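Topology and contacts: notes
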Amino acid sequence: MKKKTLSLLLTLLLCVALVGVLFLLQGSASDYLLRIARLCAINLVLALAMNLINGFTGIFSLGQAGFMAIGAYATALLTIPAAKKQMMFMIAPLVKPLDALTLPFGMALVIGGLMAAALAFLIGLPCLRLRGDYLAIATLGFSEIIRVIITNMQNVTNGAQGLKSIPANANIWWCYGVALVVIVFMGLFTTSSYGQALKSIREDEIAAESMGVGLFRHKMLAFVLSAFLAAVGGGLLASYNGTIGPDMFRVTQTYNVLMIVVMGGMGSISGSVVAAFIVTIGQEYLRVLDGPITIGAFHTDGVSGMRMVVFSVLLLVVIVFFRNGLFGTKEVTWTSIGRRLKSLSGRGKEGMQA
Amino acid sequence: MSVFLQQLANALCVGSLYALLAIGYTMVYGVLRLINFAHGEIFMMAMYIVFYGIGLFMLPWYLGFFLTIVITALLGVLSERFAYRPLRNAPRISVLISAIGVSYFLQNLATVVFGGRPLTFPQVALFTDVIDLGGVKMQRLGILVPIIAAALLIALMFLIKKTRTGLAMRAVARSYDASRLMGIDLNRTIAVTFLIGSAMAGVGAIMWGMKYPQISPTVGSMPGIKCFIAAVLGGIGNTTGAVLGGLLLGFVEIMLVAVWPDLSGYRDAFAFVLLIVVLLVKPTGLLGEKATEKV
């Protein structure tokens, strides 16, 4: 009991420290740094959403981009001011209730999430009966179908032209607020009985079923929750970007998130959090590679896209040589930190004696 | 009537192209139980190689085509050597992620090396001239593609059914352990499978390029996924099934758009709908064997 209150206290302290850091950042950091910081939090949300289904439940779904698209479009359509909407929809006017409707940002995020969750339920009905790579390709298929439908629904989504001038609601407080809520939710959920059931499905479906875990029900729960979170992440991304279009939500978008999840470790919240920061910041700082490089006599005039090549090689190296990513399925908790500290100080003492 | 014949010829042509690519998926799935996500990107690389060989270095077309097929085949073997072989004993999902990694890498590499701007595939007059067959006007390609595809498929069937290499492939597809005990070199057989599958993708890319002459780093992803669907449709792991699935997908796609032109915007989504229906109704595909999973 005492241990529990201590860790709760430490967590609260950490949250306060985080708020402090964010205040400092907002006061002193440049816009560019703030942008990267916000993107870190958004990627964190997206990575955790994917980790819930791919890492914790062991269902290899490749449909995240589709759910993100729904969240992004819902958020954009519900927050863009009516006058701007009228200007944007040139080929076909926006359908009736949407053209005048504007809602607060938070509400738009939740509505987008609920829409994606409802759709995930429908998609899950057929897809979750499949296994392994068949499920992967079927979810990927649905994600593509969503994208094609978005491209063709001129009077709702403005088709291939996409949506512009989405209000920049996703400031640092929104991004980190949502990220924090998602982290806490994931922490509680994965240690709850539901989370344990999901992990047992990952380890061995047949054994889980024979222990009385309802396979389909639990898989569906994870799938729907993951879609909800992915859509919220997509909504944040839309507001962060300012413009969205159907091409943004190709399969590549799913791969980008997958990269974070794999690097951090499938089935580790801490892993996804750390990897989201490493990958986002890494991708920014590797922009150097896109610029001119001189190594000795060798000189290039800057090739755009070089950093993505380096990044994909890195991803391959991680998969081939460090299959479990940074954390595997382990978590960083106060207990594990305490244990680590104890063993470190223990080793220190031994060193002094010797 | 002539419009119908024209559509029919077009469908046959597209279907044969799908079949050529689907073969690569189904063969790799047969021996590795892996959806080779990078297959579409190997196909894309082949199109760029043709562009550089014929369009830029002015090689005669036959030499350019030959080199393309050889390089593409080697590329497939290389990808297997470095991204799949180290994971031979890993869980299947890891290999799947590795395949996604290869596909991602090749796309980014192509963007850097060849640039993101779309290029135009070099036209070879022998294939792209328009001919008139009793009122049906089409490129000579329209006849040549099905013939070439059929010839290649017959050769492949012979290889799989009658040669020792083919026997080894079929054995590996059945069981790794048993085929190892019989003295089959597992790695060599898998490499040969990738060699043949990628060479087929090379041939497919050459003909695809002449039919749809735009090259960009993402040109491979849609045909790639569609041809995988064709392979599933026919029953994955089954070469005859892949051909059947490819032809069927080509026909249905072309005919659907021909009958309801309004649906042309949804053409790409249609293949996925078909996939989902097949997976729900008959997950083993048209010709697939029923696999019982042991507990």
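Remember, it's a predicted structure, so these values are computed and weren't measured experimentally.

A count of helices and strands for chain A gives 16 helices and two strands. The dimensions of chain A, computed from C-alpha atoms along their principal axes, are 80 × 65 × 45 Å. A total of 354 residues make up chain A; the buried ones form 50% of that total. The contacts of chain A with a sequence gap of at least 6 include a subset with a gap of at least 24, amounting to 79%. Within the structure as shown, chain A displays about 16,800 Å² of accessible surface, and the carbon and sulfur contribution to it stands at 69%.

Within the element layout of this structure, Ser103 of chain B appears in helix 4 (residues 92-114). Every residue in contact with Ser103 of chain B, bar those within four places of it in the chain, is listed here: Tyr255 of chain A together with Phe37, Ala38 and Glu41 of chain B.

What follows concerns the interface of chain B and chain A. Accessible area lost when the parts come together is the quantity often used to give the size of an interface. Between chain B and chain A, the residue contacts involve 44 residues of the former and 40 residues of the latter. When the two sides are added together, the surface that chain B and chain A hide from each other amounts to roughly 3,600 Å², 80% of it contributed by carbon and sulfur. Contact with chain A buries surface across chain B, with Ile97, Tyr104 and Val112 of chain B losing the most and accounting together for 19% of the total. Where chain B packs against chain A, one counts two residue pairs in polar contact (both at pLDDT 80 or more). Of all the secondary structure elements, the ones that give two or more residues to the side of chain B that touches chain A are helix 3 (61-84), helix 4, helix 10 (221-234) and helix 12 (267-281) of chain B. The greatest single-element share of the side of chain B that touches chain A, amounting to 15 residues, is contributed by helix 4 of chain B. Each residue belonging to the side of chain B that touches chain A can be placed in one class, and the counts come to 34 nonpolar, six polar and four charged.

Looking now at the pairing of strand 2 (residues 130-133) of chain B. Residues and elements named next belong to chain B. Alignment of strand 2 against strand 3 (residues 136-139), held across four bridges, turns out to be antiparallel. Paired with Asp132 across the two strands is Lys137, which belongs to strand 3. The hairpin turn running from strand 2 into strand 3, its antiparallel successor, is two residues long, and Gly134 in that turn takes a positive phi close to 50°.

Time to look at helix 11 (residues 239-259) of chain B. Residue and element names in this part refer to chain B. Its 21 residues place the ends of helix 11 30 Å apart at the C-alpha level, agreeing with the 30 Å of an ideal helix rising 1.5 Å per residue. Every buried residue of helix 11 is listed here: Thr239, Gly241, Ala242, Val243, Gly245, Gly246, Leu249, Gly250, Glu253, Ile254 and Met255. Looking at the packing, one finds that the buried side of helix 11 touches helix 1 (2-32), helix 6 (141-162), helix 10 and helix 12. Among the residues of helix 11, the N-terminal cap falls to Asn238, whose side-chain oxygen and the backbone nitrogen of Thr240 are separated by 3.1 Å.

As a further point, take helix 7 (residues 164-174) of chain B. Residues and elements named next belong to chain B. By the burial criterion, the buried members of helix 7 are Gly166, Ala168, Met169 and Val172. Buried positions in helix 7, seen along its axis, are confined to an arc of 160° and lie on one side of it. In helix 7, the exposed positions angled more than 90 degrees off the buried face are occupied by Arg164 and Arg174. Each element contacted by the buried residues of helix 7 is listed here: helix 1, helix 6, helix 8 (176-181) and helix 9 (186-211).

With that settled, consider the pattern of salt bridges. Under the criterion given, the structure shown has nine salt bridges over all chains. Measuring nitrogen to oxygen at the nearest pair gives 3.0 Å for the salt bridge that ties Glu144 of chain A to Arg147 of chain A. Residue Glu144 of chain A and its partner Arg147 of chain A are both found in helix 7 (residues 132-152); the two are separated by three residues, about one turn of the helix. Its relative accessible area of 9% is what places Arg147 of chain A among the buried residues. In this structure, Arg85 of chain B and Glu80 of chain B form a salt bridge, with 3.6 Å as the shortest nitrogen-oxygen distance. Taking relative accessible area as the criterion, Arg85 of chain B reaches 23% and is therefore assigned partly exposed. You can call Glu80 of chain B buried: its relative accessible area is 0%. Bridged by salt links that share partners, the residues Glu144, Arg147, Asp247 and Arg250 of chain A form one connected network.

Looking now at the packing of aromatic side chains. Counted by the stated rule, this structure contains 17 aromatic pairs over all chains. Look at Tyr84 of chain B and Phe194 of chain B: their rings are 5.6 Å apart centre to centre, the planes differ by 40°, and that puts the pair in the tilted class. Of this pair, Tyr84 of chain B sits in helix 3 while Phe194 of chain B sits in helix 9, and the two are 110 residues apart along the sequence. Here Tyr84 of chain B falls in the buried class, since its relative accessible area comes to 1%. Each ring, one from Trp208 of chain B and one from Tyr212 of chain B, has its centre 5.2 Å from the other, and the planes form 50°; the classification is tilted. Since its relative accessible area comes to 29%, Tyr212 of chain B is described here as partly exposed. Among the aromatic side chains, those forming a connected cluster through ring pairs are Tyr18, Phe43, Trp208 and Tyr212 of chain B. A cation sits over an aromatic face here: Arg35 of chain A above Tyr240 of chain A, 4.3 Å from the ring centre.

Time to look at the packing of helix 7 of chain B against helix 9 of chain B. All names here are of chain B. Between helix 7 and helix 9, the shortest axis-to-axis distance is 10 Å and the interhelical angle comes to 105°. When the axes of helix 7 and helix 9 are compared, the pair comes out roughly perpendicular. Here Thr165, Ala168, Met169 and Val172 of helix 7 come into contact with helix 9, specifically with Leu186, Thr189, Val192, Thr193 and Ile196. Here the residues of the contact of helix 7 with helix 9 are counted per class, giving six nonpolar, three polar and no charged.

Glancing now at the nonpolar core. Side chains that are nonpolar tend, in soluble globular proteins, to be buried together. Residues Leu163 and Ile244 of chain A together with Phe37 and Tyr84 of chain B are the most contacted members of the largest nonpolar core, which totals 200 residues. Element by element, the count of residues in this core is highest for helix 2 (residues 31-56) of chain A, at 17 residues. Ignoring sequence-local partners within four residues, the contact set of Ile244 of chain A consists of Ala72, Tyr73, Ala76, Gly162, Leu163, Ile166, Ala238 and Phe249 of chain A. Within the second largest apolar cluster, five residues are counted, among which are Ala197, Ile201, Ala208 and Leu215 of chain A.

Relative placement of two packed helices is described by the angle separating their axes and the distance separating the axes. Residues and elements named next belong to chain B. Two elements in contact, helix 6 and helix 9, have axes whose closest approach is 11 Å; the angle formed by their N-to-C orientations is 175°. Considered as vectors, helix 6 and helix 9 are oriented roughly antiparallel to each other. When helix 6 is examined against helix 9, the residues Leu141, Val145, Ile148, Leu152, Leu156 and Leu159 are found in contact with a partner set consisting of Ile196, Met200, Val203, Met207, Met210 and Lys211.

Basis of the calculations
Residues numbered from 1 in each chain as written. Chains lettered and ligands numbered in written order. Predicted model: local features only at pLDDT ≥ 70, side-chain atom pairs only at ≥ 80, totals over all residues. Heavy atoms only, no water. Helix = DSSP H or I, 4+ residues; strand = E, 2+ residues; numbered from the N terminus. Buried < 20%, exposed > 50% of the residue type's maximum accessible area, 1.4 Å probe, protein only. Contact = heavy atoms within 4.5 Å. Areas by Shrake-Rupley, 256 points an atom, 1.4 Å probe, with all protein chains shown as cover. Buried area = accessible area lost by both parts, 1.4 Å probe. Polar contact = N/O pair within 3.5 Å; in protein donor to acceptor, adjacent residues only side chain to side chain. Nonpolar A, V, L, I, M, F, W, Y, C, P; charged D, E, K, R; others polar. Pairing = 2+ DSSP bridges. Expected span 1.5 Å × (residues − 1). Arc of directions from axis to C-beta. Salt bridge = Lys/Arg side-chain N within 4 Å of Asp/Glu carboxyl O. Phe/Tyr/Trp six-rings, centres within 6.5 Å; stacked < 30°, edge-to-face > 60°. Lys NZ or Arg CZ within 6 Å of the ring centre and 35° of its normal. Axes fitted to C-alpha atoms, helices over the stretch in contact; angles between N-to-C directions. Parallel < 35°, antiparallel > 145°, perpendicular 65-115°, else oblique. Core = buried A, V, L, I, M, F, W, Y, C linked by side-chain atoms within 4.5 Å.

Remember that the coordinates give geometry; whether it matters functionally is a separate question.
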